Amino acid sequence: MALAQKKAALACEECGSRNYMIAVNPHRTERLEVKKFCKNCNRHTIHRETK
């Protein structure tokens, strides 16, 4: 039996655009922060996990 994974979006800190979807461990307590490319800002910015 396969279990479905929880998914969360990564939103740009500058413009708020949700650019990336990731599979997350539901037992984590803090939110993920990653520096990724934002196509709206046209540069690398911090992306935070949203619910």
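Residues numbered from 1 in each chain as written. Predicted model: local features only at pLDDT ≥ 70, side-chain atom pairs only at ≥ 80, totals over all residues. Heavy atoms only, no water.

Undergrad: Looking at this structure, how should I read the sheet that holds strand S4 (residues 43–50)?
TA: Backbone hydrogen bonds are what pair the strands of a sheet, in a parallel or an antiparallel way. The strand order across the open sheet built from four strands is S2-S1-S4-S3, with neighbouring strands paired in antiparallel fashion. In this open sheet, the two edge strands, each paired with only one partner strand, are strand S2 (18–24) and strand S3 (33–38). Direction aside, neighbouring strands of the sheet carry axes that sit 40° apart on average. Inspection of the sheet shows S3 paired to S4 by six bridges, in the antiparallel sense. When the sheet's bridge partners are listed, Phe37 is paired in S4 with His44. (Pairing = 2+ DSSP bridges. Helix = DSSP H or I, 4+ residues; strand = E, 2+ residues; numbered from the N terminus. Axes fitted to C-alpha atoms, helices over the stretch in contact; angles between N-to-C directions.)

Undergrad: Would you take a moment to explain the packing of aromatic side chains for this structure?
TA: Given two aromatic rings, their pairing is described by the distance between the two centres and the angle made by the two planes. Within the structure shown, the criterion is met by zero aromatic pairs. Across the ring face of Tyr20, the terminal group of Lys36 is positioned such that the distance to the ring centre comes to 4.6 Å. (Phe/Tyr/Trp six-rings, centres within 6.5 Å; stacked < 30°, edge-to-face > 60°. Lys NZ or Arg CZ within 6 Å of the ring centre and 35° of its normal.)

Undergrad: What should I look at first to understand the pattern of salt bridges in this one?
TA: It is possible for side chains of opposite charge to pair when their charged atoms get near one another. Under the counting rule described, the total for this entry stands at four salt bridges. For Arg28, the salt bridge goes to Glu49, with nearest N and O atoms at 2.7 Å. Here Arg28 is found in the loop between S2 and S3, whereas its partner Glu49 is found in strand S4, with 21 residues between them in sequence. Residue class for Arg28 comes out partly exposed when judged on its relative accessible area of 33%. (Salt bridge = Lys/Arg side-chain N within 4 Å of Asp/Glu carboxyl O. Buried < 20%, exposed > 50% of the residue type's maximum accessible area, 1.4 Å probe, protein only.)

Undergrad: Would you take a moment to explain the environment of Lys39 for this structure?
TA: If you trace the backbone, Lys39 turns up in the loop between S3 and S4. The spatial distance from the C-alpha of Lys39 to the C-alpha of Cys12 is 9.8 Å, given a sequence separation of 27 residues.

Undergrad: Honestly, the side chain of Thr50 in this entry has me stumped. Any pointers?
TA: On the secondary structure map, Thr50 appears in strand S4. Apart from residues lying up to four places away in sequence, Thr50 is in contact with Ala8, Ala9, Ala11 and Arg18. (Contact = heavy atoms within 4.5 Å.)

Undergrad: How do you make sense of the layout of surface pockets when you look at a structure like this?
TA: With a probe scaled to a water molecule rolled over the atoms, the places where space remains empty come into view. By volume, the largest pocket is sized at about 180 Å³. Along the walls of the largest pocket sit Lys6, Lys7, Ala8, Val24, Asn25, Pro26, Arg28, Thr29, Glu30, Arg31, Glu49 and Lys51, which together make up its complete lining. Here the lining of the largest pocket gets three residues from one element, more than from any other, and that element is strand S1 (residues 6–12). Split into classes, the residues belonging to the lining of the largest pocket amount to three nonpolar, two polar and seven charged. (1 Å grid on protein atoms, 1.4 Å probe; cavity = no way out; pocket = protein on both sides within 12 Å on 5 of 7 lines; lining within 4 Å. Points joined across faces, edges and corners; volume = space filled by probe spheres on them. Nonpolar A, V, L, I, M, F, W, Y, C, P; charged D, E, K, R; others polar.)

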